[in-house]
Amino acid sequence: MPKTYSTKEREEIILKLRSAANDSLMKYGVKKTTVDLLVNTVGIPKGTFYLFYPNKEQLFFEVIMEIHNKIEAEFMERLQKTEQSTTLDEYLDIIMEAVTTAMNTCIMRMMMDSEVILLMNKLPEKLLEEHTKQDNDMVVMLLNYLKPKQHVDVDVLSGAFRAVFLTLPYQRGIGESTYMASFRMLCKGLLMQIL
């Protein structure tokens, strides 16, 4: 019979698993981070892992979404401090700050190793749809601050920002010395089309 855990024990195990997953993703990536590695790091039996997550990919997605939500909250906090006189370049600075923050997380490691696609292919469609909806909700909030002069298709704009973000693994091919300036230019082009 499997061991039962109190609410407090469950919360502690989840926090430890998330922390171990984040550290392992930074060090080893998706492919080399195994359930065995995670449970050994946390000090729980392998069967216990499956009481919390059906597979490692869903744990990784939870970790990524936690980081994503933190970056998004910081982004929205910066947006809320803007005024009507905020310039396009000041909005771009806010976007670039969020991108720079993301680049220092396991998300970037996964993107550089092209493991995001591997992860996405193993996740239930419902989780991916929820993530897309969350991205769209953030774009709606961004549009509330930008006050576009014309109707903007949120799905298209959200997809366009995701497409720009997905260039991150190709910094070397694009040119490492000019990549961030190129990224900024792409974002500026998107914003100019809606303002």
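Anything mentioned here points back to the structure above.
Just so it is clear, the structure is predicted and the values come from calculations on it, not from any experiment.

## Some words on helix H1 (residues 7-32)
Here H1 is 26 residues long, yet its end C-alpha atoms lie only 31 Å apart, well below the 38 Å a rise of 1.5 Å per residue gives. Of all the bends found along H1, the most pronounced is centred on Met26 and spans about 90 degrees. Turning to H1, its buried residues number three or more, namely Ile13, Leu17, Ala20, Ala21, Ser24, Leu25, Gly29 and Val30. In the core, the buried residues of H1 are packed alongside helix H2 (35-42), helix H3 (46-52), helix H4 (56-80), helix H6 (106-112) and helix H7 (115-121).

## Digging into the environment of Lys188
Following the sequence through the fold, Lys188 ends up in helix H11 (residues 179-194). Residue Lys188 is classed as partly exposed on the basis of its relative accessible area, which comes to 29%. Between the alpha carbons of Lys188 and Glu62 there is a distance of 30 Å; along the sequence they are 126 residues apart. Excluding residues that lie within four positions of it along the chain, Lys188 makes contacts with Leu88, Asp89 and Leu92.

## What to know about the packing of aromatic side chains
This model, assessed by the stated rule, comprises four aromatic pairs. Ring centres 5.8 Å apart and planes at 40 degrees place the aromatic pair Phe49 and Tyr53 in the tilted group. Here Phe49 matches Tyr53 in class, with each residue buried. On the basis of an interplanar angle of 50 degrees and a centroid distance of 5.9 Å, the ring pair of Tyr179 and Phe183 is categorised as tilted. In this pair, Tyr179 and Phe183 are both assigned in helix H11, four residues apart and thus about one turn of the helix distant.

What counts and how
- Residues numbered from 1 in each chain as written.
- Predicted model: local features only at pLDDT ≥ 70, side-chain atom pairs only at ≥ 80, totals over all residues.
- Heavy atoms only, no water.
- Helix = DSSP H or I, 4+ residues; strand = E, 2+ residues; numbered from the N terminus.
- Expected span 1.5 Å × (residues − 1).
- Bend = angle between axes of the 7 residues up to and from the residue.
- Buried < 20%, exposed > 50% of the residue type's maximum accessible area, 1.4 Å probe, protein only.
- Contact = heavy atoms within 4.5 Å.
- Phe/Tyr/Trp six-rings, centres within 6.5 Å; stacked < 30°, edge-to-face > 60°.

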